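The primary structure of each chain is shown beneath.
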Amino acid sequence: MEYLTVADVRDEYGDLVEAMTDTAIRRRLDRLSAYMEDALGHAFGRALMARSTAGDTVQVTDTGLVIGGDAYAFADYPTLGALVDAANAAGASYSLTPLPVIDPNTPSELLKATGTVACGPTYADWVVLDLEALWVKASGDGTTHLFLPLPVQEVQQVTEDGVAIDATAYEVPPDASWLIRKLGRWSTRATGNVEVIYRPRWWGNAPGVVSEVLLEAFGVATGNTPIASERFGDYSYQRKVPEARPWQEVLSDPALRPYAVRFHP
C-alpha cells in the first residue's frame, strides 16, 4: 500500500518538481511517511520494504516469502524479525527492511499474499509488503476490558495464557478499541498473557486525509508550494502560495489525530 505515488506528486506540483527524479520524490515521501507513522504509532498495515540490486522478484504466498528464487517458510521463520534476519543473512542480492513502527515479534504469517512483483535496484522500485492484520500482545490485568491500540473492525483470533478464546466469550462495542469479557475477567497470570490478532479500521486503506496531509507536507519540505495564477485583462502573473507552517507541523495536523494509537497495551 502507498499513501501517495510519484504520479500524484507530479500531478499536484507540475513544473515545480520537474527537475526532481522519481527516486528523489520517492525518498522524500518515505521520509515524510515515516515521520507521520511514528507520530501515529502505526503504518496502516505497511510492514516491510523489499529491494534487490539484481532486479529479483518477490512474492508472498499463504505459506511463506519467496524472493530472488529463495523460499522462506513462515513455519521456519515464525516472526517478522526472524524472517528479516534470515533473508538479510543469506548474502544474496536482495534484502528486507522493516518499518520502524513494526513489532519484530509480529507473526510472519500475517504478511498479505501478493502476486510475483519485480523488485528493482533503485529506490523507486522497492516493494512494500503489507500485513493482513495487527498483532497485539497485552496484559489482562484482571479487568473486564482489554484495550487495543486502534478501533476494531474484525477480530480474527484471541488467546489467553496460550489458550484460544472462543468469540462468544467476548464482545466488541461498535467503533470501540477494546474487547469486553462477557463472563468473569481477563486473567492476570502473567504480563502480556493475552494475544489478539485483529483487523483495525482503515487497515490497508488509509483515509484520504492522510494523502492530503502528506502532499501538503511534501510541498512545504521541498519549498514547492502550489502556484496561484491571476489575470487582469491582457496581463497575468503567477506567484507561490505562502508557506503557512513547517512540514513537521503539517504532519501533526489535528485531522490525523483520530487515526493515532489510542491505547498502548
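Rules and cut-offs
- Residues numbered from 1 in each chain as written.
- Predicted model: local features only at pLDDT ≥ 70, side-chain atom pairs only at ≥ 80, totals over all residues.
- Heavy atoms only, no water.
- Salt bridge = Lys/Arg side-chain N within 4 Å of Asp/Glu carboxyl O.
- Buried < 20%, exposed > 50% of the residue type's maximum accessible area, 1.4 Å probe, protein only.
- Helix = DSSP H or I, 4+ residues; strand = E, 2+ residues; numbered from the N terminus.
- Expected span 1.5 Å × (residues − 1).
- Contact = heavy atoms within 4.5 Å.

Participant: Is there a simple way to think about the pattern of salt bridges in this case?
Facilitator: Side chains that differ in charge, positive against negative, can pair when their charged atoms come close. Overall, the coordinates contain 6 salt bridges when judged by the stated rule. With its nearest N and O atoms 3.0 Å apart, the salt bridge here joins Glu 37 to Arg 46. Taking the relative accessible area as the measure of exposure, Glu 37 reaches 3% and is therefore buried. Here Arg 181 makes a salt bridge to Glu 160, at a shortest N to O gap of 3.0 Å. One end of the pair, Arg 181, is in strand β13 (residues 178–181); the other, Glu 160, is in strand β10 (residues 152–160), with 21 residues separating them in the sequence. Taking relative accessible area as the criterion, Arg 181 reaches 15% and is therefore assigned buried.

Participant: Help me out: how do you make sense of helix α4 (residues 208–221) in this one?
Facilitator: Each α-helix winds once per 3.6 residues, and so residues spaced three or four apart point in a common direction. Spanning 14 residues, α4 covers 20 Å between terminal C-alpha atoms, matching the ideal 20 Å at 1.5 Å per step. Structurally, α4 contributes buried residues whose contacts are with α1 (6–13), α2 (22–40) and α5 (247–250). Positioned one or two residues after α4, Gly 223 has a phi angle of 70 degrees, which is positive.

Everything listed is a geometric property; what it means functionally is a separate question.
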